[in-house]
Amino acid sequence: MTVGKAVLVDTAQPVQRVAVGVGDIVEAMAVSPTEIMLSGKAPGETSLIIWDIRGGRQFFNVTVRASNLMTGDTLDGIRRELRTELPNQNIKVTIDNGSIFLRGTVKDLTSSERAEKIAAAGLSASGTATSTGKVVNLLSVEVPTSDPQILLKVRFESVDRNKEQQMGINLFNLGLANAIGGVTTGQFTPPLIAGGSGATATSGSSSSGGFSGGSGTTQISNEGNIVAFFPGLNVGAVLTAMEIKGVSQTLAQPNLMAANGKEASFLAGGEFPYATVSGSSNGLAQVNIQFKEYGIRLNFIPTITPRNTIRLQVAPEVSALDYSNGVELSGFQVPGISSRRVNTEVELQDGQSFMIGGLLDNTITDTFQKIPFIGDIPILGKLFQSESKTKNNTELVVIVTPEIVAPIPAGAPLPELHQPDKYLPPNSNIPMHQPDAKSAENTLPPTPPTIPVETLIRSMQPEKTLVIEGGSVQFGSSSAPINPGGNTSTTTPTQ
């Protein structure tokens, strides 16, 4: 029987009971004591068992096939929708054993997915969809053109300015009024005073010196700007009065190129080693040397939108070693890292520019110390006060311009680089830029006009992560153990 048709089964004896193996394929109903009506519901095979009033049984194998009329209507509806949604595309639709087969050529993957969804909807609406009936996509896709190449022009500008003012005085007495001592606010290193005899002044190197008076001696480790000693009075003073200005300017102009939707990164800097303690062995700490990257870094992913704009996920970063915020670990000086980073997403047209930053950082540090009571005396109290004021001004500006570019055509002249000096001539008379002539062995085959859908999808899958020696491309990827007991080992970072 076929789907949607009904069949009457006559019996010689009145029927007592009827059973069907799979009710989703066929439905049985007694219309009279000796008549059973079977209705086909879906393609498939099942069994029918009939018991009569005398205890006899009859077994039937029931096969339900798809209706030819329903199949034709289904195909006509699918073909009509395909012509409407995908015009001028060669798609052939056939059906066999409840499954729909799509053959032909479409323009892109989107058209292939649409054709498959239309066929699946038609198969489901026809009522012929079963566990065996499905849509088989045998379409081919026109080979797409290469993805656009996006060039990202980036300009980093960083200016660090600082200004520092120091003012303070340290007084010391080596014997005046038979007393030895000094007066200091403690902000600047005071002279070291000890008891002694004599009245001779001594001098040391440019960074240290000393004096001896009637009852004591002094050793000066920080001479400041002005050092004065009066042998007749056995008193002296160390004056610090300095104004320091500094400017640090950084400029980088990296140009990075990436394919549409692919990630690219840039780093102009280096790696510095630092020690980490991982445990102990035989009572000795196990110290490892690792490397961490610093400098000017940029990561970005460009994507071309349907509006012909470029959406950018961009993360610029500027970092530098900061020894003032470092730590000391097992005798190793580990610097800190001062960093400024931005992570943002913008959308703009080809050739437009945007600015990240104007990242301003202004800090003022003012340290004032004085001796109580004495430091509050007008005019004279200035000798018992000290002050250090530091101002820092940091500004970071990042300007980004994306452009869609094309490679230099084959055979076109390449840009020549100016060399300050000539290289030595080669040892061989054969040019080192072989091969020049193209042959069948060193030429790629022509691109086919169409390829199967599965082949195109497989070619668009993400590639493997780039791995270099010492680990993947990540911060702190290189490490090597050292022996803290005295035998040193040298580790060279991978570059």
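Above this text is the structure in question.
Residues numbered from 1 in each chain as written. Predicted model: local features only at pLDDT ≥ 70, side-chain atom pairs only at ≥ 80, totals over all residues. Heavy atoms only, no water.

Caption draft 1: Inspection of the packing of aromatic side chains at higher detail. Across all of its chains, the model carries 2 aromatic pairs by this definition. For the pair F172 and F229, a centre-to-centre distance of 6.1 Å together with 5° between the ring planes defines the contact as stacked. Of this pair, F172 sits in strand β10 (residues 149-174) while F229 is found in strand β16 (residues 226-230), placing the two residues 57 residues apart along the sequence. By relative accessible area, which is 15% here, F229 ends up buried. Above the ring of W51, the side-chain terminus of R17 is found at 3.9 Å from the ring centroid. (Phe/Tyr/Trp six-rings, centres within 6.5 Å; stacked < 30°, edge-to-face > 60°. Helix = DSSP H or I, 4+ residues; strand = E, 2+ residues; numbered from the N terminus. Buried < 20%, exposed > 50% of the residue type's maximum accessible area, 1.4 Å probe, protein only. Lys NZ or Arg CZ within 6 Å of the ring centre and 35° of its normal.)

Caption draft 2: Quick peek at the sheet that holds strand β3 (residues 26-32). Taken together, 3 strands build an open sheet; the order of strands is β1-β4-β3 and the sheet is antiparallel. At either end of the open sheet lies a strand with only one pairing partner, and these are β1 (6-10) and β3. Averaged over all neighbouring strand pairs, the angle between strand axes comes to 25°, with direction disregarded. (Pairing = 2+ DSSP bridges. Axes fitted to C-alpha atoms, helices over the stretch in contact; angles between N-to-C directions.)

Caption draft 3: Expanded view of the pattern of salt bridges. Within the structure shown, the criterion is met by 10 salt bridges. The salt bridge partner of D76 is R79, with a shortest N-O separation of 3.6 Å. Remark: R79 and D76 occur in helix α1 (residues 68-85); sequence separation between them is 3 residues, near one turn of the helix. Of the residues examined, R79 reaches a relative accessible area of 31% and is grouped as partly exposed. E85 is the salt-bridge partner of R114, the closest N and O atoms lying 3.9 Å from each other. Taken together, the positions of R114 in helix α2 (residues 109-125) and E85 in helix α1 put the pair 29 residues apart, joining distant regions of the chain. Relative accessible area serves as the criterion here: at 44%, R114 is assigned to the partly exposed category. Members of the salt-bridge network, linked through shared partners, are R307, R311, E345 and E347. (Salt bridge = Lys/Arg side-chain N within 4 Å of Asp/Glu carboxyl O.)

Caption draft 4: Examining the environment of G21 more closely. If you trace the backbone, G21 turns up in the loop between β2 (15-20) and β3. Expressed as a C-alpha distance, the spacing of G21 and V62, which sit 41 residues apart in the sequence, is 9.6 Å.

Caption draft 5: Inspection of unusual backbone geometry at higher detail. Here N88, not a glycine, exhibits a phi torsion of approximately 60°, which is positive. When you line up the elements, N88 lands in the loop between α1 and β7 (90-96).

Caption draft 6: Layout of the sheet that holds β7. Taken together, 4 strands build an open sheet; the order of strands is β7-β8-β9-β26 and the sheet is mixed. Every interior strand has two partners, whereas the edge strands, β7 and β26 (450-452), have only one. Across the sheet, the axes of successive neighbouring strands diverge by a mean angle of 15°, strand direction being ignored. Pairing of strand β8 (residues 99-106) with strand β9 (residues 135-142), which is carried by 7 bridges, proceeds in the parallel orientation. Each bridged residue has a counterpart across the sheet, and for V106 the counterpart in β9 is V141. Of the strands in this sheet, β7, β8 and β9 touch α2, which is tilted by about 160° from β9. (Contact = heavy atoms within 4.5 Å.)

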